[in-house]
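Report on the structure
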Amino acid sequence: MLTLDLQAIINSISREVSWQNIVQFEKLDERVAIANELCANLIGVNEGYVEWCPNDEPTSLLETLLWWWVIRPNFGAAIANESPQELKEIISQYILRN
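Conventions we followed
- Here, residues in each chain are numbered from 1, in the same order as that chain's written sequence.
- Totals for whole chains, interfaces and linings use all residues, but because this is a predicted model, local features are given only for residues with pLDDT of at least 70 and pairs of side-chain atoms are given and counted only at 80 or more.
- Side-chain figures throughout are based on the complete set of non-hydrogen atoms in the structure, without hydrogens or water.
- For helices the rule is a DSSP run of H or I covering at least 4 residues; for strands it is a run of E covering at least 2, with both sets numbered from the N terminus onward.
- Whether two strands pair comes down to DSSP finding at least two bridges between them.
- As used here, the term nonpolar core means buried Ala, Val, Leu, Ile, Met, Phe, Trp, Tyr and Cys residues forming a set that is joined through side-chain atoms within 4.5 Å.
- Relative accessibility under 20% of the residue-type maximum defines a buried residue, over 50% an exposed one, and the middle range a partly exposed one, all with a 1.4 Å probe and only protein chains included.
- An axis is simply a line fitted to the C-alpha atoms; with a helix, the fit covers only the stretch in contact. Between two such axes, the angle follows the N-to-C directions and lies from 0 to 180 degrees.
- Working rule for contacts: check all heavy atoms of both residues, and any pair within 4.5 Å makes them a contact.

Now for unusual backbone geometry. At the junction of Glu57 and Pro58, the peptide bond is cis and its omega measures out at 0° in the coordinates. Secondary-structure assignment places Pro58 in the loop between strand S3 (49-52) and helix H3 (61-71). Backbone geometry places Gln24, a non-glycine residue, at a positive phi of 50°. Structurally, the position occupied by Gln24 is in the loop between strand S1 (16-18) and helix H2 (28-38).

Taken residue by residue, a regular strand's side chains alternate between the two faces of the sheet. Bridge count between strand S2 (residues 43-46) and S3: four bridges; the pairing is antiparallel. Its bridge partner lying in S3, Asn46 is registered against Tyr49. Hairpin connection from S2 to S3: two residues lie between these consecutive antiparallel strands, with Gly48 at a positive phi of about 90°.

Ile43, Val50, Trp67, Trp69, Val70 and Ile71 are the most contacted members of the largest nonpolar core, which has 24 residues in total. Here this core takes seven residues from H3, the largest share from any one element.

On to the sheet that holds S1, then. In space, the three strands of this open sheet follow the order S1-S3-S2, with antiparallel pairing throughout. Each edge of the open sheet carries a strand with a single partner, namely S1 and S2. Adjacent strand axes in the sheet meet at a mean angle of 20° when their direction is disregarded. Running over the sheet, H3 touches S1, S2 and S3 and is turned about 170° from S3.

This part takes up the environment of Gly76. Note on placement: Gly76 falls in helix H4 (residues 76-82). We classify Gly76 as buried; its relative accessible area is 1%. Here the alpha-carbon distance between Gly76 and Gln24, two residues 52 residues apart in the chain, equals 12 Å. When sequence neighbours within four positions are dropped, the list of residues in contact with Gly76 reads Trp69, Ile91 and Ile95.

In short, the description is geometric, and any link to function would need to be established separately.
The following block contains the structure:
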């Protein structure tokens, strides 16, 4: 079960986020590539913004957590706590490198 704070954050996720609102924008390409490898075509990169294009309906927990991590990697530890093992390991490695 997701923690109340993380659940509130997830419920507030927009499907489009402008580049200036993305944390660690300089490493966005790396996170998008990881997300799209785990869930094909999950993140679309457009002129001035990124777009969340979930494959599942309802959206899977993995897709939701990946999207949030792509735009807010500073919440990586909290996201990893709620993540499937594969994403938990990816986020942990990302945190260690950065």
